[in-house]
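# Close look at the chain arrangement
Chain by chain, the residues:
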Amino acid sequence: GAVVSQHPSRVICKSGTSVKIECRSLDFQATTMFWYRQFPKQSLMLMATSNEGSKATYEQGVEKDKFLINHASLTLSTLTVTSAHPEDSSFYICSARGGTSASGAKNIQYFGAGTRLSVL
Amino acid sequence: SQQGEEDPQALSIQEGENATMNCSYKTSINNLQWYRQNSGRGLVHLILIRSNEREKHSGRLRVTLDTSKKSSSLLITASRAADTASYFCATAFSGGYNKLIFGAGTRLAVHP
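Given the structure is predicted, the values throughout are model-derived calculations rather than measurements.

### Overview of the overall build of chain B
Helices and strands together make up the secondary structure of chain B, namely zero helices and 11 strands. Its helices and strands in sequence order give chain B the pattern β-β-β-β-β-β-β-β-β-β-β, from N to C terminus. Its C-alpha atoms give chain B a radius of gyration of 13 Å, near enough to 13 Å, the size a compact globule of 112 residues would have. Structurally, chain B occupies a C-alpha span of about 45 × 30 × 20 Å along its principal axes. When the 112 residues of chain B are sorted by exposure, 45% land in the buried category.

Set out below in structure tokens:
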């Protein structure tokens, strides 16, 4: 099956620093990638939708200047948490979807293993 | 809220028993998907059911969809300890990039 690699799996940083998280589709071209945030024992909250070569679409309430998303190629999207603060500590998960079909397997999202961010 | 609702929030059963989880959503959908998440990990896709389908099977999984009630259920038969995980339903909407909106999830614990 399709594989999505997310790196790093865990990061601890000081308040005020920026953290970059990478999401790579290893064996398919991902026209669309998604970034989610998950708090303990809660569901995934969609932060933004990222399309290769265009600006990301952010969900309501997500600060685009705080969470910078770059989707420079069909296999790589990055999320940068700028000037991180303790309230940004969370589990961040990316997913990738290939193709544009409205049905079938191409509608499935393949998820990375997640990045646990702890801001001290 | 982005989320649909799932019930129960937590379910504890013995190995061999069946586990049923329910999901409700709010708007019209293209399809509904169920995902599994082991603690602290990413999600794994289990099954997709289209809006014009009513039931679908995959191994020990059975999914139903009732679009009139805007609800779905996931049944895991003959559960195993390895089925212990959180299970999420996710709905895909028409248009745009078919982004998924996830339900609150059900935490399933299967005891040996």
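### Regarding the side chain of A:T115
All names here are of chain A. With respect to the secondary-structure elements, T115 resides in strand β11 (residues 115-119). Residue classification places T115 among the buried positions, given a relative accessible area of 0%. Side chain to side chain, T115 and Q6 meet in a polar contact 3.0 Å long. Looking at T115, its side chain comes within polar contact range of the main-chain oxygen of P8, at 2.5 Å. Leave out the neighbours within four places in its chain, and T115 touches Q6, H7, P8, S9, V11, I21, S90, F91 and Y92.

### Some thoughts on the state of the cysteines
All names here are of chain A. Applying the stated criterion across every chain, the model contains two disulfides over all chains. Each disulfide pairs two cysteine sulfurs, and for C23 the partner residue is C94, the sulfurs being separated by 2.0 Å. Disulfide C23-C94: torsion about the S-S bond near 80 degrees, hence right-handed. Linking C23 in strand β3 (residues 19-25) with C94 in strand β9 (residues 90-97), this pair joins segments that are 71 residues apart in sequence. For the pair formed by C23 and C94, the shared burial category is buried. Unpaired in terms of disulfides, C13 finds its nearest cysteine sulfur in C94, a separation of 18 Å.

### A closer look at the layout of surface pockets
If you add up the space inside the largest pocket, you get close to 470 Å³. Lining the largest pocket are 21 residues, with A:K41, A:Q42, B:Q37, B:S86 and B:R107 sitting closest to its centre. When contributions to the lining of the largest pocket are tallied by element, the ones reaching two or more residues are β9 (85-92) and β11 (106-111) of chain B. Here the lining of the largest pocket is built from residues that sort into seven nonpolar, 11 polar and three charged.

### Points about the pairing of strand β6 (residues 55-58) of chain B
All names here are of chain B. Pairing analysis gives four bridges linking β6 to strand β7 (residues 61-66), with the strands arranged antiparallel. Looking at β7, one finds that H57 is bridged to R62. Counting the residues in the hairpin turn of β6 and β7 gives two residues, including G59, whose phi is positive at 60 degrees.

### Examining the confidence of the model for chain B
When pLDDT is averaged along chain B, the result is 91; 92% of the residues meet or exceed 70. Mean pLDDT in chain B bottoms out at strand β1 (residues 5-7) of chain B, which sits at 82, and peaks at β7(B), which reaches 98.

### Some remarks on the side chain of A:S77
Residue and element names in this part refer to chain A. Relative to the assigned elements, S77 resides in strand β8 (residues 76-81). Here W35 takes part through its side chain, which lies 3.0 Å from a polar atom of the side chain of S77. Contacts of S77, omitting those with residues within four sequence positions, involve I21, E22, C23, M33, W35, S50, I69, N70 and H71.

### Here we look at the pattern of salt bridges
A complete count under the given rule lists seven salt bridges over all chains for this structure. We note a salt bridge from A:E22 to A:R24, for which the minimum N-O separation is 3.4 Å. Among the charged side chains, a salt-bridge network with shared partners connects B:R50, B:E53 and B:K56.

What counts, and at which threshold
- Residues numbered from 1 in each chain as written.
- Chains lettered and ligands numbered in written order.
- Predicted model: local features only at pLDDT ≥ 70, side-chain atom pairs only at ≥ 80, totals over all residues.
- Heavy atoms only, no water.
- Helix = DSSP H or I, 4+ residues; strand = E, 2+ residues; numbered from the N terminus.
- Rg over C-alpha atoms; globule rule 2.2 N^0.38 Å.
- Buried < 20%, exposed > 50% of the residue type's maximum accessible area, 1.4 Å probe, protein only.
- Polar contact = N/O pair within 3.5 Å; in protein donor to acceptor, adjacent residues only side chain to side chain.
- Contact = heavy atoms within 4.5 Å.
- Disulfide = S-S within 2.5 Å.
- 1 Å grid on protein atoms, 1.4 Å probe; cavity = no way out; pocket = protein on both sides within 12 Å on 5 of 7 lines; lining within 4 Å.
- Points joined across faces, edges and corners; volume = space filled by probe spheres on them.
- Nonpolar A, V, L, I, M, F, W, Y, C, P; charged D, E, K, R; others polar.
- Pairing = 2+ DSSP bridges.
- pLDDT = per-residue confidence, 0-100.
- Salt bridge = Lys/Arg side-chain N within 4 Å of Asp/Glu carboxyl O.

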